[in-house]
Amino acid sequence: MEIRLDGFDPASDIVVANAAGLLRNIDLTQGTPAPPGCMSGPSDPDCAGMFANLGIDLDSGRCTGGCDAQSYIRLASAAERERLAIR
């Protein structure tokens, strides 16, 4: 899986791995009985939402829409960069 962050400047930008984006629209209180949670299998019903949020087709393992559909990895906004800046 390749994610492109247009305009990324490693000297000043911060990459965010957004757990809320990964888990968006996933009910963590529900799961199939054995084993519970996503085990990364195409037939595992617990995986569909998580893989969609990663922008990955669960059957093929390839990015959907050029990986533009993923909501997990992104560049920090200006406000986030200010708040998260390591000094």
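The structure we're discussing is the one just above.
What comes next concerns the included structure. (Residues numbered from 1 in each chain as written. Predicted model: local features only at pLDDT ≥ 70, side-chain atom pairs only at ≥ 80, totals over all residues. Heavy atoms only, no water.)

## What to know about the side chain of E80
Looking at the secondary structure, you find E80 in helix α3 (residues 78-84). Dropping the residues within four chain positions of it, E80 is found in contact with R74 and L75. (Helix = DSSP H or I, 4+ residues; strand = E, 2+ residues; numbered from the N terminus. Contact = heavy atoms within 4.5 Å.)

## Quick word on the layout of surface pockets
Approximately 170 Å³ is the volume attributed to the largest pocket. For the largest pocket, the lining is made up of 14 residues, of which I26, D27, L28, Q30 and D46 are closest to its centre. Partitioned by chemical class, the residues of the lining of the largest pocket number seven nonpolar, five polar and two charged. (1 Å grid on protein atoms, 1.4 Å probe; cavity = no way out; pocket = protein on both sides within 12 Å on 5 of 7 lines; lining within 4 Å. Points joined across faces, edges and corners; volume = space filled by probe spheres on them. Nonpolar A, V, L, I, M, F, W, Y, C, P; charged D, E, K, R; others polar.)

## Quick word on the state of the cysteines
Inspection of every chain in the model, using the stated rule, returns one disulfide. The disulfide bridge from C38 ends at C47, spanning 2.1 Å between sulfur atoms. Between C38 and C47, the S-S torsion sits near 105 degrees, and that sign places the bridge as right-handed. Assessed through its relative accessible area of 0%, C47 is described here as buried. (Disulfide = S-S within 2.5 Å. Buried < 20%, exposed > 50% of the residue type's maximum accessible area, 1.4 Å probe, protein only.)

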